[in-house]
Amino acid sequence: MSNSLAGRNVLAIGDLSKEEILAVLEQATRLKEQCDFGVAKFNVLDGYILATLFYEPSTRTRLSFESAMLRLGGGVISVAEAMKSSSASKGETLSDTARMVSGYADVIVQRHPAAGSAQEAAAGATVPLINAGDGIGEHPTQALLDLYTSQRERGQSDGLRLCLAGDLKNGRTVHSLSRALTHWNVTLTLAAPQTLAMPAGIVAELRQKELAVHETGDLAAAMAASDVVYVTRIQRERFADPAEYERMKGSYVVNRTLIERTNPSITVMHPLPRVDEIATDVDALPNAAYFRQADNGVWVRMALLSLVVG
Ligand code: NCD
């Protein structure tokens, strides 16, 4: 099988064709099946090294990438609080840092608070660089695991009705996921308070690619007409004015009562971390897919690393 992803950067979801996205998801399924059969570790990346450079907080993304690399037989070097503890604090550019780290590792995973930072770093890197979130820009590997999860939970994507809910303005996961969905024949409802709506440029891009997109402020109605609701956190760290965050806080909550009233069979996803936008009384429902979604991050990132480095 030819692997067109070998040696490539993954900076935005648009860097991958539909076929390449499917190749990652299929590889993730194969790896998961083998692990379910009791294989705990593979040696396909034996001797290779992943460097994780995180200039912004992360639990799931960094640990699942590192876990993925270790399960593939590779090694990991890591700078967790890169803003403080790397040479960024001395004024080094992202491009210079990435160039150097390329001498120490075979693949780099970077998260940074500035949109466009992944492109900046990739300009200096001489090994593949994977964007693990660039400010309000994109989070392409989250989109891959979101697609993988929705397909496992609901079957094929074609025909699916998805509702993306919450802070669609600042949430990078929904920027990547909505773009990924343009490859399928889905109906997308964007449910957000007006001030947190999906950027008009992205909505235009989705429509230009002939995705059926509806915008609404009515979350209950949107849930009633969807198979999946993908809830997001209000991105507090992106608000210039703390008072504005306080005004928006708690403006939407998915709880058990809302699910039972609007759509008892809806699948509830969330990239996590959640604050209060999904009540904990949802966790025990079979609808709650968000912890399974987080688990899926390992298979999908194993798949991506094995294809990009392999
Ligand atoms: C998301 C992120 O960092 O964009 N987290 C994650 O990677 N699962 C979502 C968020 O922080 O709200």
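Residues numbered from 1 in each chain as written. Predicted model: local features only at pLDDT ≥ 70, side-chain atom pairs only at ≥ 80, totals over all residues. Heavy atoms only, no water.

Chemist: Explain the site of the ligand here, please?
Modeler: With respect to spatial proximity, the complete set of residues near the ligand consists of Thr61, Arg111, His139, Gln142, Arg172, Thr173, Arg233, Gln235, Pro271, Leu272 and Pro273. Between the ligand and Pro271, the relevant distance is 2.9 Å, taken from a nitrogen atom to a main-chain nitrogen or oxygen of the residue. A distance of 3.0 Å is found between a nitrogen atom of the ligand and a backbone nitrogen or oxygen belonging to Leu272. The protein chains hide 94% of the 320 Å² of surface that the ligand would expose on its own. Here the residues of the shell around the ligand sort into 3 nonpolar, 5 polar and 3 charged. (Near = heavy atom within 4 Å. Polar contact = N/O pair within 3.5 Å; in protein donor to acceptor, adjacent residues only side chain to side chain. Areas by Shrake-Rupley, 256 points an atom, 1.4 Å probe, with all protein chains shown as cover. Nonpolar A, V, L, I, M, F, W, Y, C, P; charged D, E, K, R; others polar.)

Chemist: Looking at this structure, I do not really get the packing of aromatic side chains. What am I missing?
Modeler: Given two aromatic rings, one states the distance between the centres and the angle between the planes to describe the pair. As enumerated under the stated definition, the model contains 2 aromatic pairs in all. Judged by centre distance (5.7 Å) and plane angle (80°), the ring pair of Phe239 and Tyr245 falls under edge-to-face. Its relative accessible area of 6% is what places Tyr245 among the buried residues. (Phe/Tyr/Trp six-rings, centres within 6.5 Å; stacked < 30°, edge-to-face > 60°. Buried < 20%, exposed > 50% of the residue type's maximum accessible area, 1.4 Å probe, protein only.)

Chemist: Even after reading the chapter, I still don't get the environment of Ile202, so can you show me in this structure?
Modeler: Note on placement: Ile202 falls in helix H8 (residues 200-208). On the basis of relative accessibility, which here comes to 7%, the residue Ile202 falls in the buried class. Placed 27 residues apart in sequence, Ile202 and His175 show a C-alpha to C-alpha distance of 7.4 Å. With near-sequence residues (within four places) excluded, Ile202 lies in contact with His175, Ser178 and Arg179. (Helix = DSSP H or I, 4+ residues; strand = E, 2+ residues; numbered from the N terminus. Contact = heavy atoms within 4.5 Å.)

Chemist: Before we go on, may I ask you to explain the side chain of Ser86 in this structure?
Modeler: Counting through the fold element by element, Ser86 comes out in the loop between helix H3 (82-85) and helix H4 (94-101). There is a polar contact of 2.6 Å between the side chain of Ser86 and the backbone oxygen of Ala82. Excluding residues that lie within four positions of it along the chain, Ser86 makes contacts with Tyr55, Val79 and Glu81.

Chemist: Just checking my understanding: could you explain the packing of helix H2 (residues 60-71) against helix H12 (residues 290-309) for this structure?
Modeler: Packed helices, taken two at a time, are described by the angle their axes make and the gap between the axes. At their nearest, the axes of H2 and H12 sit 8 Å apart, and the two run at 50° to each other. As summarised for this structure, H2 and H12 are arranged oblique, according to the angle between their axes. By crossing handedness, the relation of H2 to H12 is classed as right-handed. Residues Arg60, Thr61, Ser64, Phe65, Ser67, Ala68, Met69 and Arg71 of H2 lie in contact with H12, whose contacting residues are Ala294, Gly297, Val298, Arg301, Met302 and Leu305. (Axes fitted to C-alpha atoms, helices over the stretch in contact; angles between N-to-C directions. Parallel < 35°, antiparallel > 145°, perpendicular 65-115°, else oblique. Left-handed = near helix turned anticlockwise from the far one by under 90°.)

Chemist: Looking at this model, I keep getting lost on the sheet that holds strand E2 (residues 75-79). Mind explaining?
Modeler: The strands making up a sheet associate through backbone hydrogen bonding, with each pair oriented either parallel or antiparallel. With respect to topology, 4 strands assemble into an open sheet ordered E2-E1-E3-E4, the strand pairing being parallel. Where the open sheet ends on each side, the last strands, each with one partner, are E2 and strand E4 (129-134). When the angles between neighbouring strand axes are averaged without regard to direction, this sheet yields 15°. Here 4 bridges tie strand E3 (residues 107-112) to E4, and the two strands are oriented parallel to one another. Its bridge partner lying in E4, Gln110 is registered against Asn131. (Pairing = 2+ DSSP bridges.)

By themselves, these figures tell us nothing about what the structure is for.
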